[in-house]
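Chain by chain, the residues run as shown.
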Amino acid sequence: MNNEIAMIVSGAFFWIIIITNFASNALGYQTAGELDTEAQLHEISNAPGKFRLSFVIIVIEHISIVVLAFSLFLAFNQLNIMLAIIWLIARSLEGLMQIVNKKNYWQLLELSTRFVNAQDTEKDALDNQRMSILKSKHANFTLAQILFSIGTLSYTIVFATYDVIPATIAGLGIVASLIYGAGNVLAVMKRESKALWAVGGLLILIFEVLAGGWLIYLAIT
């Protein structure tokens, strides 16, 4: 794969990750949230097809993260091999961690059916299982996002240092990854700052839209 193709693939997968993330959330998956009411188990039971589709789409998103890590590595490792290895490992682990954890999340489908049909005396135990699954998902996601921040910071430094993309876009990526990473570190320390996480997440979104478009533009011009 030559550099131009790798850059186009990278740009496209920045966008694919965003699109699949939004699509899965539109279908009921919560990227960073938790199913905090019993009513949502009823929703899964009433629309299992919707749950399955959201599950498939979010797994595609996780796979796309790994593809992005490799395509960026192929496109830019010659600029700084150390940072390239860091983002390859960090973002690949980010995607793989979440793929592996999805086997637990899938259990919500069966659990929702059992919960709807259960006697009142059984529902507490089933609800505890639900919370265990979701706590595992939340902890896994938080750790994965720290890896995301490390990976993003690594390639944005390369983008900025070697003028791969405009300095304003690269600078936005550096600031966004630091803010977002700080928000997730605080979450691990049980001092979660939702405002910090939200601001970082919004800046990351803007950066990835712009960076993805610029890489495609750069490769085809």
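For the structure itself, consult the block above.
Quick caveat: nothing in here was measured; it's all calculated off a predicted structure.

Remarks on the overall build of the chain
Thought 1: Along the backbone of the chain there are 8 helices and 0 strands.
Thought 2: Against the globule reference of 17 Å for 221 residues, the chain gives a C-alpha radius of gyration of 19 Å, in line with a compact fold.
Thought 3: Dimensions of the chain along its principal axes, counting C-alpha atoms only, are 65 × 35 × 25 Å.
Thought 4: Summarising the internal contacts of the chain: among those between residues at least 6 apart in sequence, 80% fall at separations of at least 24.
Thought 5: With the model as given, the accessible surface of the chain reaches about 10700 Å², and the carbon-plus-sulfur share is 67%.

Thoughts on the environment of Thr168
Thought 1: Residue placement: Thr168 occurs in helix H7 (residues 167–188).
Thought 2: Take Thr168: its relative accessible area is 66%, and that puts it in the exposed class.
Thought 3: Along the backbone, Thr168 and Leu153 are 15 residues apart, and their C-alpha atoms lie at a distance of 15 Å.

Observations concerning helix H1 (residues 3–26)
Thought 1: Helix length check: H1, at 24 residues, gives a terminal C-alpha distance of 35 Å against a target of 34 Å (1.5 Å per residue), a fit within 8%.
Thought 2: Regarding H1, the residues found buried are Ala6, Met7, Ser10, Gly11, Phe14, Ile17, Ile18, Thr20 and Ser24.
Thought 3: On its buried side, H1 packs onto helix H3 (48–76), helix H6 (120–161) and helix H8 (194–220).

Structural notes on the packing of H3 against helix H4 (residues 81–105)
Thought 1: Interaxial distance between H3 and H4 falls to 9 Å at its minimum, and their mutual angle equals 165°. In terms of axis orientation, H3 runs roughly antiparallel to H4. Relative to H4, the crossing made by H3 is left-handed.

Comments concerning the packing of H1 against H3
Thought 1: Where H1 contacts H3, the axes come no closer than 8 Å and their chain directions differ by 155°. With respect to each other, H1 and H3 are oriented roughly antiparallel. Considering how the two elements wind past one another, H1 and H3 form a crossing that is left-handed.
Thought 2: Looking at the contact of H1 with H3, its residues break down into 19 nonpolar, 8 polar and 2 charged.

Describing a nonpolar patch on the surface
Thought 1: A surface patch of nonpolar side chains, amounting to about 620 Å² of accessible area, comprises Ile81, Met82, Ile85, Ile86, Ile89, Leu93 and Ile150.
Thought 2: Ranked by the residues each element gives to the nonpolar patch, the list is headed by H4, at 6 residues.
Thought 3: Secondary-structure assignment places Ile81 in helix H4.
Thought 4: By relative accessible area, Ile81 is classed as partly exposed at 44%.

Considerations on helix H2 (residues 38–46)
Helical geometry note: an α-helix holds 3.6 residues per turn, so side chains three or four residues apart project in the same direction.
Thought 1: Buried within H2 are the following residues: Gln40, Leu41 and Ile44. On an axial view of H2, the arc spanned by its buried residues comes to 105°, and they lie on one face. For H2, the exposed residues lying more than 90 degrees away from the buried face are Glu43 and Asn46.

About the criteria used
All residue numbers here refer to positions counted from 1 along the written sequence of the relevant chain. Given that the model is predicted, a residue must reach a pLDDT of at least 70 before its local features are reported, and side-chain atom pairs must reach 80 or more before they are shown or counted; all residues, however, enter totals for whole chains, interfaces and linings. Each side-chain value is derived from all of the structure's non-hydrogen atoms; neither hydrogens nor water enter the calculation. Secondary structure counts use DSSP, requiring at least four H or I residues in a row for a helix and at least two E residues in a row for a strand, with both numbered from the N terminus. Throughout, radius of gyration means the C-alpha value; the globule benchmark is 2.2 Å times the number of residues raised to the power 0.38. In what follows, a contact means two residues having at least one pair of non-hydrogen atoms within 4.5 Å. Surface exposure here means Shrake-Rupley accessible area, sampled with a 1.4 Å probe, where a residue is shielded only by the protein chains that are shown. Each residue gets one of three labels from its accessible area relative to the maximum for its type: buried under 20%, exposed over 50%, partly exposed in between, using a 1.4 Å probe on protein chains only. Residue count minus one, scaled by 1.5 Å, sets the expected span of a helix. Helix axes are fitted only over the stretch in contact, all axes being lines through C-alpha atoms; the angle between N-to-C directions runs from 0 to 180 degrees. We call two directions roughly parallel when the angle between them is under 35 degrees, roughly antiparallel when it is over 145, roughly perpendicular when it lies between 65 and 115, and oblique otherwise. Two helices crossing with the near one rotated counterclockwise from the far one by less than a right angle form a left-handed crossing, whereas a clockwise rotation gives a right-handed crossing. Here the term charged refers only to Asp, Glu, Lys and Arg, the term nonpolar to Ala, Val, Leu, Ile, Met, Phe, Trp, Tyr, Cys and Pro, and the term polar to all other amino acids, Gly among them. Only residues whose relative accessible area exceeds 30% and that form no salt bridge enter a patch; like-charged residues are grouped when within 9 Å of one another, and nonpolar side chains (Val, Leu, Ile, Met, Phe, Trp, Tyr) when within 5 Å. Here, a salt bridge means any Lys or Arg side-chain nitrogen found within 4 Å of an Asp or Glu carboxyl oxygen. The arc refers to the directions leading from the helix axis to the C-beta atoms.

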